[in-house]
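Chain by chain, the residues run as shown.
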Amino acid sequence: MTRKKGNIFVISAPSGAGKTTLCKELIDFFPELRHSVSYTTRPIRNGEVDGRDYHFVDQATFDQMIAAGAFAEWAMVHGNSYGTSLQTLQQAIDSGSDILLEIDCQGAMQLKKHLAEAIFVFILPPNLEELRRRLVGRHTDADEVIEKRIYNASEEIKEAAWYDHIVVNDQFNLALAQLKAIIQGSSY
Ligand code: 5GP
């Protein structure tokens with residue numbers, strides 16, 4: 001059987017739903033799946049590496065990139081700007097690599113309009129209380145940021161309806177198995 005390459009997987013989730021950990025596992029599991037490194041104006045967190053987790057840029061640089069048409073999509077999320085480089089995406093498409101984009105619903109919707117062939121996956125937390133517990137537990141954000149993220153999550157969850165697949169991250173291994181099945185099922 002010949003493997004069909006060049007799939008674009010777009011994964012969205014409210015922050016705290018476990019998306020980043022799940023996506024890291026997927027990248028480790030599928031050797032041909034590449035992670036799209038987004039640009040952001042958000043301050044770098046402890047443990048993050050510039051160029052690996054994100055390209056961290058200031059607002060002026062981000063604005064210049066918007067003006068230059070450098071983004072396939074971009075959005076303001078929790079008060080910071082985030083965008084997917086058009087060049088990164090185009091290179092992946094041209095080379096036939098599978099690529100994984102972890103982006104918010106606004107960005108995903110922009111891509112849906114231009115890249116109907118992409119596979120859109122939404123990861124849901126089991127409930128908002130569990131989401132709060134996870135956000136508090138990871139000790140990366142201030143209280144007001146957590147409240148903003150929970151409010152945003154309640155809004156974002158409404159968007160799940162138009163995604164191709166919904167995965168509930170209640171039990172991590174089960175959610176991971178479902179995501180692997182979605183990727184495998186789309187790749188042949
Ligand atoms: P975090 O700051 O917690 O890493 O990410 C916050 C949100 O921004 C997450 O929902 C994440 O998916 C989203 N995000 C990350 N990169 C991009 C991007 O390139 N474009 C868009 N639209 N959202 C992004």
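A few words now on the pairing of strand 1 (residues 8-12). Within strand 1, five of the five residues are buried, leaving the element largely enclosed by the surrounding structure. Judged by which residues are buried, strand 1 turns out to be covered on both faces: I8, V10 and S12 on one side and F9 and I11 on the other are all buried. When strand 1 meets strand 7 (residues 98-102), the two strands line up parallel, connected through four bridges. Looking across to strand 7, one finds that I11 is bridged to E102. Where strand 1 lies against strand 8 (residues 119-124), four bridges are found, and the strand directions are parallel. In the sheet register, F9 faces strand 8, and the bridge partner there is I119.

Our next topic: the packing of helix 1 (residues 19-29) against helix 7 (residues 172-186). Between helix 1 and helix 7, the shortest axis-to-axis distance is 10 Å and the interhelical angle comes to 50°. With respect to each other, helix 1 and helix 7 are oriented oblique. Handedness of the helix 1/helix 7 crossing: right-handed. On helix 7, the residues that touch T21, L22, E25, L26 and F29 of helix 1 are F172, A175, L176, L179, K180, I183 and Q184. Residue composition of the contact of helix 1 with helix 7, by class: eight nonpolar, two polar and two charged.

Moving on: the site of the ligand. Taken together, the neighbourhood of the ligand is formed by 18 residues, with S38, R42, Y54, Y82 and D104 sitting nearest. Contacts to the ligand include R45, whose side-chain N or O atom sits 3.1 Å from an oxygen atom. The fraction of the free accessible surface of the ligand (510 Å²) that becomes covered by protein chains is 95%. Going through the elements one at a time, strand 5 (71-77) and strand 6 (80-85) are the ones with two or more residues in the shell around the ligand.

This brings us to the packing of aromatic side chains. Both the distance between ring centres and the angle between the ring planes are used here to describe each pair of aromatic rings. Applying the stated rule across the entire model yields ten aromatic pairs. Between Y39 and F71, the ring centres sit 6.1 Å apart and the planes meet at 70°, which makes this aromatic pair edge-to-face. Separated by 32 residues along the polypeptide, Y39 in strand 3 (residues 39-40) and F71 in strand 5 bring together distant segments of the chain. Each member of the pair, Y39 as well as F71, carries the same accessibility label: buried. Chaining the aromatic ring pairs together yields one cluster made of Y39, F62, F71 and W74.

Another point: helix 7. At 3.6 residues per turn, the α-helix brings residues three or four places apart onto the same side. Compared with an ideal rise of 1.5 Å per residue, which puts 15 residues at 21 Å, helix 7 spans 21 Å between its outermost C-alpha atoms and is within 8% of the ideal. For helix 7, the complete set of buried residues consists of A175, L176, L179, K180, I182, I183 and S186. All buried residues of helix 7 project into a common sector of 160° when viewed along the axis, lining one side. Those residues of helix 7 that are exposed and aimed more than 90 degrees away from the buried face are N173 and G185. Tucked into the core, helix 7 has its buried residues touching strand 1, helix 1, strand 2 (33-35), strand 8 and strand 9 (165-168).

Attention now moves to the layout of surface pockets. Empty pockets left among the atoms are what a rolling probe the size of a water molecule brings to light. Here the largest pocket defines a volume of roughly 1,000 Å³. Around the largest pocket, the lining is made up of 40 residues, and of these K19, T20, R45, Y54 and E102 lie nearest the centre. Those elements that provide at least two residues to the lining of the largest pocket are helix 1, strand 5, strand 6, helix 5 (128-137) and helix 6 (143-156). Considering every element that reaches the lining of the largest pocket, the biggest residue donor is helix 1, with six residues.

Scoring rules and cut-offs
The numbering scheme is per chain: residues are counted from 1 as the chain's sequence reads. Under the rules for a predicted model, residues below a pLDDT of 70 receive no local features and side-chain atom pairs below 80 are neither given nor counted, while totals for whole chains, interfaces and linings still include all residues. Computation of side-chain values: all heavy atoms of the structure, hydrogens and water removed. The rule is simple: take the accessible area with a 1.4 Å probe, protein chains only, and divide by the maximum for that residue type; under 20% is buried, over 50% is exposed, in between is partly exposed. Helix numbering and strand numbering both begin at the N terminus, where a helix is a DSSP run of H or I of at least 4 residues and a strand a DSSP run of E of at least 2. By this definition, two strands are paired if DSSP reports at least two bridges between them. Helix axes are fitted only over the stretch in contact, all axes being lines through C-alpha atoms; the angle between N-to-C directions runs from 0 to 180 degrees. Oblique is the label for any angle not covered by the other classes, which are roughly parallel (under 35 degrees), roughly antiparallel (over 145) and roughly perpendicular (65 to 115). Two helices cross in a left-handed way if the nearer one is turned anticlockwise from the farther one by less than a right angle. They cross in a right-handed way if the turn is clockwise. Contacts are residue-level and defined by heavy atoms, with any inter-residue pair within 4.5 Å sufficient. Note on residue classes: Ala, Val, Leu, Ile, Met, Phe, Trp, Tyr, Cys and Pro are nonpolar, Asp, Glu, Lys and Arg are charged, and everything else, Gly too, is polar. The near set for a molecule or strand comprises every residue that places at least one heavy atom within 4 Å of it. Each polar contact in these results corresponds to two N or O atoms within 3.5 Å; when the atoms are within protein, one needs to be able to donate a hydrogen and the other to accept it, and residues that are neighboring in sequence are counted only if both atoms are side-chain atoms. Only the protein chains shown count as cover for residues, with accessible areas throughout obtained via the Shrake-Rupley method and a probe of 1.4 Å. Pairing of aromatic rings covers Phe, Tyr and the six-membered ring of Trp, with a centre-to-centre limit of 6.5 Å; geometry is then stacked below 30 degrees between planes, edge-to-face above 60, and tilted otherwise. Here a helix's expected span is defined as the number of its residues, less one, multiplied by 1.5 Å. Starting at the helix axis, one direction is taken to each C-beta atom, and the arc is that of these directions. Residues are called lining when one of their atoms sits within 4 Å of a cavity or pocket point, these points coming from a 1 Å grid over the protein atoms alone, where a cavity is a set in which a 1.4 Å probe fits but cannot get out and a pocket is an open set with protein on both sides within 12 Å along at least five of seven lines. Grid points are joined across faces, edges and corners, and a volume is the space filled by probe spheres set on the points.

On their own, these measurements won't tell you what the molecule is for.
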